[in-house]
Amino acid sequence: MADVMTTPPRLTLDIEQPQGDFKLAVRLDLPGDGVSGVFGASGSGKTSLLRVIAGLDRPQQGHIKLGQQVLLDTQRGIFTPPHQRRIGVVFQEARLFPHYCVRGNLTYGMPHPAPGRLAEIVELLGIEALLTRMPGTLSGGEARRVAIGRALLSEPQLLLMDEPLTGLDGPRKEELLRYITRLTQQVDIPVVYVSHDAEEITTIADHLVVLKAGRVEASDALHTLLHRFDLTHGLGGFDAASLLEGEVVAHDHAYGLTYLALDDEHRLTLPGTAAPIGSRLRLRILARDIALALTPPPGTSYRNQLDATIVDTAVLPEAPHTVELRLRIGTRFLRARLTRKSWDDMGLAKGMNITALIRSVSFNPL
Ligand SMILES: Nc1ncnc2c1ncn2[C@@H]1O[C@H](COP(=O)(O)OP(=O)(O)OP(=O)(O)O)[C@@H](O)[C@H]1O
């Protein structure tokens, strides 16, 4: 048994790379576990950043480290080529070898035959039935799952995913997102996940990097950035959301409900899920799905009424008739939004205790 604690390999980089009129100038320190989302508008430099990390492009200057391994140091003339970086890459298109069957595609990059690992990944991605099929016969989502499996089987220390859901329709997109979410929770490899879709990235990321015109506008835990009023417009605008995490404490099978404890005092009622008692669920709650009341209203169909305090407010230039709010519920925070008219009519103010009524929540059942 190993007696040395291994620390997860953080990815640190500080690079500059001009390309035409555009310049990527990024300094980052990303966690060695979980999913780091890279989010930004089209042309903000997301793919360029991923290519630099993978070693597919060589920056003009800077350095990149994965754990203790120096991948790039232009001052010392170090450049580790892509195949020596132990980084798995999944591109928008699957890029499978057309003449190999799925099994051949999966095992192609495996450094050593590891049948146990193969079986594990195949099961995780639900691709057992596809093993003897040829890539040309796979759907877009299936091919993407095989490409993810292949990247994982090369035993990477880091997995890069560039918009892996692009081009899939609604249900296929949701299905693959579910696979990827499950995978990132079960495979102990840090993931850098690029997307321009706010809902997708807030579903999957733990840490978030917001890129704007080739630079880092923000980089922090996702739930922290979701509370920044100045990022509202970029991170969903009308669909701005915040996250709550809690523990499944009971199910009511007769009514199809699941009860989630946020802490000792605050519970939420959710549509029934198969998540086992004691497991944790991450909820995504849209700011506009929260209504406020001065006192707990009697006789309402809202299942979720929580005591909350208004801790912060803002009126954003892009939505001057709306008030953005940050509420504290016990030790948790929640974004809410209401019209300025309601704010004035109710006589609301920062510091007031109110009741938050939650219309609906979305969550990822595993
Ligand atoms: N080889 C190149 N030569 C010149 N300019 C380039 C090159 N590659 C990318 N660019 C420019 O760099 C900028 C960033 O491109 P990049 O593909 O990284 O953006 P992105 O955020 O991934 O965009 P999208 O979401 O549309 O994929 C763009 O303005 C693009 O036109």
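Before any of the text, the structure's been laid out above.
These figures come from a predicted structure and were not determined experimentally. (Residues numbered from 1 in each chain as written. Predicted model: local features only at pLDDT ≥ 70, side-chain atom pairs only at ≥ 80, totals over all residues. Heavy atoms only, no water.)

A.B. asks: Before we go on, may I ask you to explain the packing of aromatic side chains in this structure?
C.D. replies: In this structure the tally under the stated criterion is 3 aromatic pairs. Relative to tyrosine 100, the ring of phenylalanine 97 lies with its centre 5.9 Å away and its plane at 75 degrees, an arrangement referred to as edge-to-face. Ring centres of phenylalanine 97 and tyrosine 108 lie 4.4 Å apart, and the angle between their planes is 55 degrees; this geometry places the pair in the tilted category. In this pair, phenylalanine 97 is assigned in the loop between strand 7 (87–90) and helix 2 (102–108) and tyrosine 108 in helix 2, connecting sequence segments 11 residues apart. For phenylalanine 97, a relative accessible area of 29% corresponds to the partly exposed category. (Phe/Tyr/Trp six-rings, centres within 6.5 Å; stacked < 30°, edge-to-face > 60°. Helix = DSSP H or I, 4+ residues; strand = E, 2+ residues; numbered from the N terminus. Buried < 20%, exposed > 50% of the residue type's maximum accessible area, 1.4 Å probe, protein only.)

A.B. asks: How do you make sense of the sheet that holds strand 11 (residues 215–221) when you look at a structure like this?
C.D. replies: Two strands in a sheet stick together by hydrogen bonds in their backbones, pointing the same way (parallel) or opposite ways (antiparallel). The 6 strands lie next to each other as 7-8-9-3-10-11, forming an open sheet whose pairing is mixed. Edge positions in the open sheet fall to strand 7 and strand 11, since each of these has one partner strand only. On average, adjacent strands in this sheet sit at an angle of 15 degrees to one another, irrespective of strand direction. Sheet topology note: the strand 10 (residues 207–212)/strand 11 ladder contains 6 bridges and is antiparallel. From the neighbouring strand, leucine 211 faces strand 11, where its bridge partner is valine 216. The sheet strands contacting helix 1 (residues 46–54) are strand 3 (35–39), strand 7, strand 8 (158–162), strand 9 (191–195) and strand 10, and the helix crosses strand 8 at an angle near 150 degrees. The sheet contacts of helix 5 (residues 170–186) involve strand 3, strand 8 and strand 9, and relative to strand 9 the element is tilted by about 155 degrees. (Pairing = 2+ DSSP bridges. Axes fitted to C-alpha atoms, helices over the stretch in contact; angles between N-to-C directions. Contact = heavy atoms within 4.5 Å.)

A.B. asks: Just to check I follow, could you spell out the nonpolar core for this structure?
C.D. replies: Most often, soluble globular proteins keep nonpolar side chains buried together rather than apart. Among the nonpolar cores identified, the biggest contains 50 residues, and Leu106, Ile148, Leu159 and Tyr193 are the most heavily contacted of them. Sorting elements by how many residues they give to this core places helix 4 (residues 140–153) first, with 7 residues. Not counting residues within four places of it along the chain, the set of residues in contact with leucine 106 comprises Leu118, Val122, Ile127, Leu131, Val146, Gly149, Arg150 and Leu153. Of all hydrophobic cores here, the second largest spans 28 residues; its members include Val248, Leu262, Val323 and Leu338. (Core = buried A, V, L, I, M, F, W, Y, C linked by side-chain atoms within 4.5 Å.)

So far we have only geometry, and geometry alone does not tell us how the molecule works.
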